[in-house]
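Topology and contacts: notes
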Amino acid sequence: MTKNEQQQLGKTLWNIADQLRGAMNADDFRDYMLSFLFLRYLSTNYEESAKKELGSDYPKPAENDNRTALGVWYAANEQDVADFEQQMRRKVHYVIKPQHLWSNITEMARTQDGELLVTLEAGFRYIEDESFASTFQGLFSEINLNSEKLGKTPVDRNKKLCTIIQKIAEGIADFSTDTDTLGDAYEYLLGQFAAGSGKKAGEFYTPQQISTILSEIVILDCQDPSTGNKSKLDKILDFACGSGSLLLNVRKRIKDNGGSVSKIYGQEKNITTYNLARMNMLLHGMKDTEFEIFHGDTLLNQWDILNEMNPAKKMEFDAVVANPPFSLRWEPNDTIAEDFRFKSYGLAPKSAADFAFLLHGFHFLGNDGTMAIILPHGVLFRGGAEERIRTKLLKDNNIDTVIGLPANLFYSTGIPVCILVLKKCKRQEDVLVINASEHFVKGKRQNSLNEKHIKNIVETYQYRKEINRYSRKVLMEEIKENGYNLNISRYVNTAAEEVKVDLNEVHARLTATNDRIKKNTDEHNEFLKELGLKTI
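Residue positions are given per chain, counted from 1 along the sequence in the order it is written. Local features in a predicted model are, by the rule used here, given only for residues with pLDDT of at least 70; side-chain atom pairs are given and counted only at 80 or more, and totals for whole chains, interfaces and linings are based on all residues. The basis for every side-chain value is the complete set of non-hydrogen atoms in the structure, without hydrogens or water.

Our next topic: the state of the cysteines. A pair of cysteine sulfur atoms is labelled a disulfide when the two atoms are within 2.5 Å. Counted according to the given criterion, the structure contains one disulfide. Each sulfur in the disulfide pair Cys222 and Cys425 lies 1.8 Å from the other. The sign of the -70 degrees torsion about the S-S bond sets the Cys222-Cys425 disulfide as left-handed. Of this pair, Cys222 sits in the loop between helix 9 (208-218) and strand 1 (232-238) while Cys425 is found in the loop between strand 7 (417-423) and strand 8 (430-435), placing the two residues 203 residues apart along the sequence. Just as Cys222 is buried, Cys425 falls in that class too. The thiol of Cys418 is unpaired, and the distance to the nearest cysteine sulfur, on Cys222, comes to 19 Å. For Cys418, a relative accessible area of 0% corresponds to the buried category. Helix and strand definitions here come from DSSP, where helices need a minimum of 4 consecutive H or I residues and strands a minimum of 2 consecutive E residues; each element is numbered from the N-terminal end. Relative accessibility under 20% of the residue-type maximum defines a buried residue, over 50% an exposed one, and the middle range a partly exposed one, all with a 1.4 Å probe and only protein chains included.

So, about the side chain of Glu107. On the secondary structure map, Glu107 appears in helix 5 (residues 102-110). The class for Glu107 is buried, based on a relative accessible area of 18%. Here a polar contact is recorded for every N or O atom pair within 3.5 Å, except that within protein the pair must consist of a potential hydrogen donor and a potential acceptor, and residues adjacent in sequence are included only if both atoms are side-chain atoms. Side chain to side chain, Glu107 and Arg110 meet in a polar contact 2.7 Å long.

Here we take up the pairing of strand 5 (residues 365-376). Along strand 5, ten of the twelve residues are buried, which leaves the element largely enclosed by surrounding structure. Pairing between strand 4 (residues 317-322) and strand 5: five bridges, direction parallel. Residue pairing for strand 5: Ala319 is matched across the bridge by Thr370. Any two strands between which DSSP finds at least two bridges are classified as paired. The pairing of strand 5 with strand 7 spans seven bridges and is antiparallel. Bridge pairing in strand 7 links Met371 to Leu422.

On to the packing of helix 2 (residues 26-54) against helix 3 (residues 69-76), then. In this analysis an axis means a line fitted to C-alpha atoms, helices contributing only their contacting stretch, and an angle means the value between N-to-C directions, from 0 to 180 degrees. Running from N to C, helix 2 and helix 3 cross one another at 50 degrees; their axes reach a closest spacing of 11 Å. With respect to their mutual orientation, helix 2 and helix 3 come out oblique. The two elements helix 2 and helix 3 cross, and the hand of that crossing is left-handed. Residues Tyr46, Glu47, Ala50 and Leu54 of helix 2 form the contact with helix 3, whose own contacting residues are Leu70, Trp73 and Tyr74. Residue composition of the contact of helix 2 with helix 3, grouped by class: six nonpolar, no polar and one charged. Throughout this description, any angle smaller than 35 degrees is read as roughly parallel, any larger than 145 degrees as roughly antiparallel, any in the 65 to 115 degree range as roughly perpendicular, and the remainder as oblique. Handedness of a crossing is defined here by the sense of rotation of the near helix relative to the far one, left-handed for an anticlockwise turn of less than a right angle and right-handed for a clockwise turn. Contacts: residue pairs with any heavy atoms within 4.5 Å of one another. For this scheme, ten residues count as nonpolar: Ala, Val, Leu, Ile, Met, Phe, Trp, Tyr, Cys and Pro. Four count as charged, namely Asp, Glu, Lys and Arg, and the remainder, Gly too, count as polar.

Attention now goes to the pattern of salt bridges. Whenever Lys or Arg places a side-chain nitrogen within 4 Å of a carboxyl oxygen from Asp or Glu, that contact is recorded as a salt bridge. Overall, the coordinates contain 27 salt bridges when judged by the stated rule. When the shortest N-O distance is used, the salt bridge between Asp31 and Arg30 registers 3.0 Å. One salt bridge connects Glu53 with Lys91, and the closest N-O pair in it is separated by 2.9 Å. Placement of the pair is Glu53 in helix 2 and Lys91 in helix 4 (residues 81-92), with a sequence separation of 38 residues. Look at Glu53 and you get partly exposed, because its relative accessible area is 28%. Residues joined by salt bridges that share partners form a network here, namely Asp400, Lys423, Asp430 and Arg464.

An α-helical turn contains 3.6 residues, so any two residues separated by three or four positions project in the same direction. Across its 29 residues, helix 2 extends 42 Å between first and last C-alpha, which sits within 8% of the 42 Å expected from 1.5 Å per residue. With 23 of 29 residues buried, helix 2 is to be regarded as a mostly interior element. Downstream of helix 2 by one or two residues, Gly55 has phi in the positive range, about 60 degrees. The span you would expect from a helix comes to 1.5 Å times its residue count less one.

Another point: empty space enclosed by the protein. The distinction between a cavity and a pocket rests on a 1 Å grid over the protein atoms alone: a 1.4 Å probe fits inside a cavity but cannot get out, while a pocket stays open yet meets protein on both sides within 12 Å along at least five of seven lines, and a residue with an atom within 4 Å of a point counts as lining. Grid points are joined across faces, edges and corners, and a volume is the space filled by probe spheres set on the points. In this structure the tally under the stated criterion is two cavities of 30 Å³ or more. In this structure, the largest cavity occupies an estimated 60 Å³ of space. Every residue lining the largest cavity is listed: Asp31, Leu34, Ser35, Leu139, Phe140, Glu142, Ile143, Thr272, Asn275, Leu276 and Met279. Counting only elements with at least two residues in the lining of the largest cavity, the list comes to helix 2 and helix 11 (271-283).

The next point concerns the packing of aromatic side chains. The pairing test for Phe, Tyr and Trp rings, Trp by its six-membered ring, is centres within 6.5 Å, and the orientation test on the planes gives stacked under 30 degrees, edge-to-face over 60, and tilted for anything in between. Under the criterion given, the structure shown has 15 aromatic pairs. The interplanar angle of 35 degrees and the centroid separation of 5.8 Å between the aromatic rings of Tyr46 and Tyr94 together place this pair among those described as tilted. Taken together, the residues span a long stretch of sequence, with Tyr46 in helix 2 and Tyr94 in the loop between helix 4 and helix 5 at a distance of 48 residues. Judged by centre distance (6.2 Å) and plane angle (50 degrees), the ring pair of Tyr265 and Trp303 falls under tilted. In this pair, Tyr265 is assigned in strand 2 (residues 260-268) and Trp303 in the loop between strand 3 (291-295) and strand 4, connecting sequence segments 38 residues apart. Judged by relative accessible area, which is 8%, Tyr265 ranks as buried. On the basis of relative accessibility, which here comes to 3%, the residue Trp303 falls in the buried class. The structure contains a cluster of three or more aromatic residues connected by ring pairs, namely Phe36, Phe38, Phe124 and Phe140. Over the ring of Tyr345 we find Lys392, and its NZ or CZ is 5.5 Å from the ring centre. By definition, being over a ring means that NZ of Lys or CZ of Arg is both within 6 Å of the ring centre and within 35 degrees of the ring normal.

Right, let's talk about the sheet that holds strand 1 for a bit. Taking strand neighbours across the sheet as the criterion, the nine strands line up as 3-2-1-4-5-7-6-8-9 in an open arrangement whose pairing is mixed. For this open sheet the edge positions go to strand 3 and strand 9 (471-475), each flanked by a neighbour on one side alone. Strand-to-strand twist of the sheet, defined as the mean angle between neighbouring strand axes without regard to direction, takes the value 15 degrees. Examined bridge by bridge, strand 6 (residues 399-404) and strand 7 share five bridges and lie antiparallel to one another. Paired with Val402 across the two strands is Leu420, which belongs to strand 7. Seen against the sheet, helix 9 touches strand 4, strand 5, strand 6 and strand 7 and runs at an angle of roughly 160 degrees to strand 5.

Time to look at the environment of Val81. Assignment of secondary structure puts Val81 in helix 4. Residues Val81 and Asp113 lie 32 residues apart in sequence; the distance between their C-alpha atoms is 26 Å. When sequence neighbours within four positions are dropped, the list of residues in contact with Val81 reads Trp73 and Tyr74.

Attention shifts here to helix 15 (residues 451-462). Taking 1.5 Å of rise per residue, the twelve residues of helix 15 would be expected to cover 16 Å, and the 16 Å separating its terminal C-alpha atoms lies within 8% of that figure. Buried within helix 15 we find His453, Ile454, Ile457, Val458, Thr460, Tyr461 and Gln462. In this structure, the buried side of helix 15 is in contact with helix 9, strand 5, strand 6, strand 7, strand 8 and strand 9. Structurally, the start of helix 15 carries an N-cap: the backbone nitrogen of Lys452 is 3.1 Å from a side-chain oxygen of Asn450. Looking at the residues trailing helix 15, positive phi occurs at Arg464, about 50 degrees.

Okay, here's the thing in structure tokens:
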């Protein structure tokens with residue numbers, strides 16, 4: 001399927017969502033819509049695998065038989081079901097009962113079956129608790145099928161669900177069901193719902209254009225990006241992963257370039273967003289063994305695998321990417337002050353946890369890894385505790401590049417933000433400063449970056465280019481003279497240089513002009529005298 005067709009599917013589904021949600025909050029309807037899309041993917045993938053597994057034994061239901069093909073097979077082969085499901089767990093890593101398959105759910109919706117709501121609820125619970133070897137508990141915990149937002153009575157709710165599911169089924173019937181297609185449609189819907197959510201969208205979505213910049217940067221060789229992409233990333237971390245889009249973008253970029261990724265790791269505090277991320281991974285064709293998403297507070301470091309005290313067993317990542325909440329207030333205590341992530345640098349102030357997030361990710365960055373994090377501009381110049389942390393990172397030669405982005409690129413804020421690129425393997429004794437704040441496409445509600453803008457940023461980083469009014473390699477001596485202040489405009493000013501004025505040349509031109517005026521005036525007066533008129 002072409003990119004255009006993939007986007008068309010996303011638009012088709014968005015139009016359905018727009019028509020059906022009525023007075024329902026966009027965030028609430030998003031969770032229903034994406035869950036049904038996820039169930040559709042799991043079901044189709046499972047049925048196709050079952051068809052291959054059963055071969056000629058895969059039944060074709062009679063015309064008047066509304067059961068699914070697997071429903072027919074299960075009924076006729078009860079003694080073989082356990083062995084079949086065990087085999088399916090080995091091959092596709094999960095099991096779905098025939099009655100919970102999307103094909104059955106849509107048939108129930110088409111016939112306005114009164115048991116649809118109950119069947120759907122049972123299906124969601126089964127997927128959470130029993131489908132996968134590693135349980136996906138709570139995957140649908142935010143999906144309340146008995147919510148009055150769907151209708152005041154169970155009958156009303158059942159009817160509303162029938163309508164929603166039937167419309168979705170009709171909308172996607174003509175499109176391919178491969179992972180790229182449904183994955184891209186899921187991403188498109190996330191973007192559309194994010195646009196409608198305004199500031200709340202920052203909790204779960206990084207715009208694809210920004211995501212691409214971070215991804216392209218971290219897959220390049222750490223010590224010498226000009227040599228190109230790494231062939232393999234063993235482990236990737238996003239400690240504020242939202243819906244997982246950024247992690248998936250990194251994975252896609254390296255795989256598109258012939259590389260591979262062993263496993264991706266994400267952490268997310270918001271339960272709804274955490275569930276979106278797990279669905280997003282599976283919708284993009286990832287097996288449950290290829291990713292790990294943890295629900296917990298990053299600042300408190302609640303993830304056991306990141307709490308290993310033995311340095312020899314410490315988790316380290318080849319790439320770290322993040323778009324954490326900007327200037328989040330937090331409450332560090334004495335215990336946090338002694339935390340291995342912050343002890344050597346000091347704590348970020350209570351008013352802004354930006355550097356706390358940065359230091360968390362940087363601690364787990366491998367020696368040959370690259371970290372790219374999106375932060376507000378304040379981290380570049382604010383004083384106090386942040387100045388001390390910034391100074392140490394600069395003195396230790398860990399800040400590789402500072403990229404200033406245009407304002408109003410994000411759904412959650414209109415302020416301009418920056419990307420900090422950090423490394424433990426840095427060779428150069430300078431900091432590359434890129435000021436891309438003037439390079440964007442102006443939009444009505446939101447600005448954007450086109451492919452050329454993205455390419456310019458990535459290539460300037462990759463080849464460490466110096467471009468007038470755009471980028472510059474700043475020596476550490478100059479940064480030290482500026483009090484370790486990284487305010488971008490101090491080093492790369494986008495304002496056009498004033499034209500130098502040669503006063504001697506100007507004086508000569510004015511004198512010559514005056515001489516011409518006097519000569520022409522004298523000639524004119526001679527004519528006036530001949531005519532007997534008053535001279536000037």
